[in-house]
Amino acid sequence: MKIIVNGKEMQTNARTLAELVQSLGYAGDYFAVAQNMTAVPRLHYAETPLHENDDIEILTPMQGG
C-alpha cells in the first residue's frame, strides 16, 4: 500500500505501525509516531492498522542549541 512517512511517499507491506517502524529500522525508546496528525502511544503500535494514504510522522530527538 502507499503511505507517506515523514513527508515522503512510499510503498509498504506493513499492516501495523509496529511492523512499519520495525521495517524502517527504528528501535529503542527514542522516537514517537503520529498517524494522520494524532500521536499514537507506543503500547498501541501493534494494534494500530495502517491504511492506504496514511500520513505517518516519526519523530526523533535532536541535539542542538
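Structural data are supplied above this passage.
Residues numbered from 1 in each chain as written. Predicted model: local features only at pLDDT ≥ 70, side-chain atom pairs only at ≥ 80, totals over all residues. Heavy atoms only, no water.

**Here's the deal with the overall build of the protein chain**
Counting its regular elements, the protein chain contains 1 helix and 5 strands. Out of the 65 residues belonging to the protein chain, those deemed buried represent 29%. Here the analysis covers contacts within the protein chain between residues at least 6 apart in sequence; of these, 52% occur between residues at least 24 apart. Only carbon and sulfur atoms are counted for the fraction: they give 53% of the accessible area of the protein chain, which is about 4,600 Å². With 4 positive and 8 negative side-chain charges, the protein chain shows a spacing of 4 Å between the two charge centroids. (Helix = DSSP H or I, 4+ residues; strand = E, 2+ residues; numbered from the N terminus. Buried < 20%, exposed > 50% of the residue type's maximum accessible area, 1.4 Å probe, protein only. Contact = heavy atoms within 4.5 Å. Areas by Shrake-Rupley, 256 points an atom, 1.4 Å probe, with all protein chains shown as cover. Lys, Arg positive; Asp, Glu negative; His and termini not counted. Charge placed at Lys NZ, Arg CZ, Asp CG, Glu CD.)

**Some details on the pattern of salt bridges**
Scanning all chains against the criterion turns up 1 salt bridge. With a shortest N-O distance of 3.8 Å, Lys-2 and Glu-9 are connected by a salt bridge. Given a relative accessible area of 23%, Lys-2 falls into the partly exposed group. (Salt bridge = Lys/Arg side-chain N within 4 Å of Asp/Glu carboxyl O.)

**Comments concerning unusual backbone geometry**
Only a minority of non-glycine residues have a phi that is not negative, and only a minority of peptide bonds are not trans. Not every positive phi belongs to a glycine, and Asn-36 is a case in point at roughly 55°. Relative to the helices and strands, Asn-36 is located in the loop between strand S3 (32-35) and strand S4 (38-40). A relative accessible area of 39% places Asn-36 in the partly exposed class. At Met-37, a position not held by glycine, the phi torsion is positive, near 70°. Structurally, the position occupied by Met-37 is in the loop between S3 and S4. Since its relative accessible area comes to 76%, Met-37 is described here as exposed.

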